[in-house]
Amino acid sequence: MVDHGKAFVTVPCVDDLLALKNELSSAGVIAKVHAPRPISVREARDRTKLSQEAFSVRYGLDLATLRNWEQGRSKPDAAANTLLWTIARNPEAVEESLDMEDGVAAPSP
């Protein structure tokens, strides 16, 4: 569970997150929320200066799903939200990781 001085744990239900963080802090533990907050899908796409169609093709997203997210008919799940934050912050890294022509084999299942 501890990797390089960091530990990631799931806390299923907390009535007062600030109180928990303060209690952990008094024990010498720095607690941070490790989940991306919701992102504006439109703003993430606008940062790339791509149309909906180009964005969906470049990042492997279903065009109808992307449109539904942008129009508020549905919301990205946790994995999609993480992908969108990564695209917004470092689109080149996502493009590089999706490049299937780079000769790097995918991890075995």
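About the criteria used
- Residues numbered from 1 in each chain as written.
- Predicted model: local features only at pLDDT ≥ 70, side-chain atom pairs only at ≥ 80, totals over all residues.
- Heavy atoms only, no water.
- Axes fitted to C-alpha atoms, helices over the stretch in contact; angles between N-to-C directions.
- Helix = DSSP H or I, 4+ residues; strand = E, 2+ residues; numbered from the N terminus.
- Contact = heavy atoms within 4.5 Å.
- Nonpolar A, V, L, I, M, F, W, Y, C, P; charged D, E, K, R; others polar.
- Expected span 1.5 Å × (residues − 1).
- Buried < 20%, exposed > 50% of the residue type's maximum accessible area, 1.4 Å probe, protein only.
- Arc of directions from axis to C-beta.
- Salt bridge = Lys/Arg side-chain N within 4 Å of Asp/Glu carboxyl O.
- Left-handed = near helix turned anticlockwise from the far one by under 90°.
- Patch = residues over 30% accessible without salt bridge, like charges linked within 9 Å, V, L, I, M, F, W, Y side chains within 5 Å.
- Areas by Shrake-Rupley, 256 points an atom, 1.4 Å probe, with all protein chains shown as cover.
- Core = buried A, V, L, I, M, F, W, Y, C linked by side-chain atoms within 4.5 Å.

Peer 1: How do you make sense of the packing of helix α2 (residues 41-48) against helix α4 (residues 63-70) when you look at a structure like this?
Peer 2: When two helices pack together, their arrangement is given by the angle between the helix axes and the distance between those axes. At a minimum axis separation of 8 Å, α2 and α4 run at an interaxial angle of 120 degrees. Together, V41, R42 and R45 of α2 and L66, W69 and E70 of α4 make up the contact between the two elements. Its residues placed into classes, the contact of α2 with α4 shows 3 nonpolar, no polar and 3 charged.

Peer 1: Honestly, helix α5 (residues 78-89) in this entry has me stumped. Any pointers?
Peer 2: Side chains that are three or four residues apart share a direction in an α-helix, a result of its 3.6 residues per turn. Here α5 spans 17 Å end to end across 12 residues, near enough to the 16 Å set by a 1.5 Å rise per residue. Restricting attention to buried positions, one finds in α5 the residues A80, N81, L84, W85, I87 and A88. Looking straight down α5, one finds its buried side chains confined to an arc of 160 degrees; they lie on one side. Of the exposed residues in α5, the ones pointing more than 90 degrees away from its buried face are A78, A79 and R89.

Peer 1: Help me understand the pattern of salt bridges, please; the structure alone is not making it clear to me.
Peer 2: Close approach of charged atoms lets side chains of opposite charge pair. Applying the stated criterion to the full structure yields 3 salt bridges. In this structure, E95 and R58 form a salt bridge, with 3.5 Å as the shortest nitrogen-oxygen distance. Within this pair, whereas E95 is found in helix α6 (residues 91-98), its partner R58 is found in helix α3 (residues 52-59), the two being separated by 37 residues in sequence. You can call R58 partly exposed: its relative accessible area is 42%.

Peer 1: Sorry if this is basic, but what is going on with unusual backbone geometry here?
Peer 2: Peptide bonds are, in most cases, trans, and in most cases residues other than glycine have a negative phi. Even without glycine at this site, K49 takes up a positive phi of about 60 degrees. Positionally, K49 belongs in the loop between α2 and α3. Since its relative accessible area comes to 76%, K49 is described here as exposed.

Peer 1: Explain the packing of α2 against α5 here, please?
Peer 2: As a packed pair, α2 and α5 sit with axes 9 Å apart at the nearest point and diverge in direction by 35 degrees. Of the two possible hands of crossing, α2 and α5 adopt the one that is left-handed. Contacts from V41, A44, R47 and T48 in α2 reach L84, I87 and A88 in α5. The residue inventory of the contact of α2 with α5, partitioned by class, reads 5 nonpolar, 1 polar and 1 charged.

Peer 1: Explain a nonpolar patch on the surface here, please?
Peer 2: On the surface, V9, V11, V14, L17 and V33 cluster together to form a nonpolar patch covering roughly 410 Å² of accessible area. With respect to the helices, strands and loops of the structure, V33 is situated in the loop between α1 (17-26) and α2. Of the residues examined, V33 reaches a relative accessible area of 55% and is grouped as exposed.

Peer 1: Would you mind going over the nonpolar core with me for this structure?
Peer 2: As a rule of thumb, soluble globular proteins bury nonpolar side chains together. Grouped together as the largest cluster of nonpolar side chains are 15 residues, with contacts concentrated most on I39, F55, Y59, W69 and L84. Taken together, the elements giving at least two residues each to this core come down to α2, α3, α4 and α5. The biggest single contributor to this core is α5, with 5 residues. Leave out the neighbours within four places in its chain, and L84 touches I39, V41, A44, F55, W69 and P76.

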